[in-house]
Amino acid sequence: MNFREYRGSLEASMKTLVTLKDRDSLVEHCKYIVGKTFDPTALKVEPYGDGPDNRIGWTATFIVTLKDYGIIGFLDSAC
């Protein structure tokens, strides 16, 4: 699955694009981004938008949020 960090522009966000293999690797990557450990159940992945994102070729987008932190980024598939 592809993950991009939340940034001020799509261009800046796409510069952070990484490929992750599963939810565990997503949790570890998000811990690196926020700079601290957290309970993995506090990390939420939910559908975002109402269709494909033709700007970047993603057929679906999922928002990744962390309780008491906010938006961390976006995925191109659920995990």
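Report on the accompanying structure. (Residues numbered from 1 in each chain as written. Predicted model: local features only at pLDDT ≥ 70, side-chain atom pairs only at ≥ 80, totals over all residues. Heavy atoms only, no water.)

### Comments concerning the sheet that holds strand 2 (residues 18-19)
Next up, step 1: With antiparallel pairing, 5 strands are arranged side by side in an open sheet as 2-1-5-4-3. If you trace the sheet from one side to the other, it starts and ends with strand 2 and strand 3 (43-48), each paired once.
Next up, step 2: Sheet topology places strand 4 (residues 61-66) next to strand 5 (residues 70-75); 5 bridges connect them, and they run antiparallel. Bridge pairing in strand 5 places Phe 62 opposite Leu 75. (Pairing = 2+ DSSP bridges. Helix = DSSP H or I, 4+ residues; strand = E, 2+ residues; numbered from the N terminus.)

### Section: the nonpolar core
Next up, step 1: In terms of nonpolar packing, the biggest core is built from 15 residues, with Phe 3, Leu 26, Cys 30, Leu 43 and Ile 72 touching the most fellow members.
Next up, step 2: Looking at this core, the element that brings in the most residues is helix 2 (residues 23-34), giving 4 residues.
Next up, step 3: Ignoring anything within four residues of it in the chain, the contact list for Cys 30 reads Phe 3, Phe 38, Leu 43, Val 64 and Ile 72. (Core = buried A, V, L, I, M, F, W, Y, C linked by side-chain atoms within 4.5 Å. Buried < 20%, exposed > 50% of the residue type's maximum accessible area, 1.4 Å probe, protein only. Contact = heavy atoms within 4.5 Å.)

### Some points on the side chain of Thr 16
Next up, step 1: Tracing the sequence through the fold places Thr 16 in the loop between helix 1 (10-14) and strand 2.
Next up, step 2: Polar contacts involving the side chain of Thr 16 include one to the main-chain amide nitrogen of Glu 5, which spans 2.8 Å.
Next up, step 3: Look past the residues within four positions of Thr 16 in its chain and what remains in contact with it is Phe 3, Arg 4, Glu 5 and Arg 7. (Polar contact = N/O pair within 3.5 Å; in protein donor to acceptor, adjacent residues only side chain to side chain.)

### Looking at the pattern of salt bridges
Next up, step 1: What the rule picks out here adds up to 3 salt bridges.
Next up, step 2: When the shortest N-O distance is used, the salt bridge between Glu 5 and Arg 7 registers 2.5 Å.
Next up, step 3: Accessibility expressed as a relative area gives 14% for Glu 5, which makes it buried. (Salt bridge = Lys/Arg side-chain N within 4 Å of Asp/Glu carboxyl O.)

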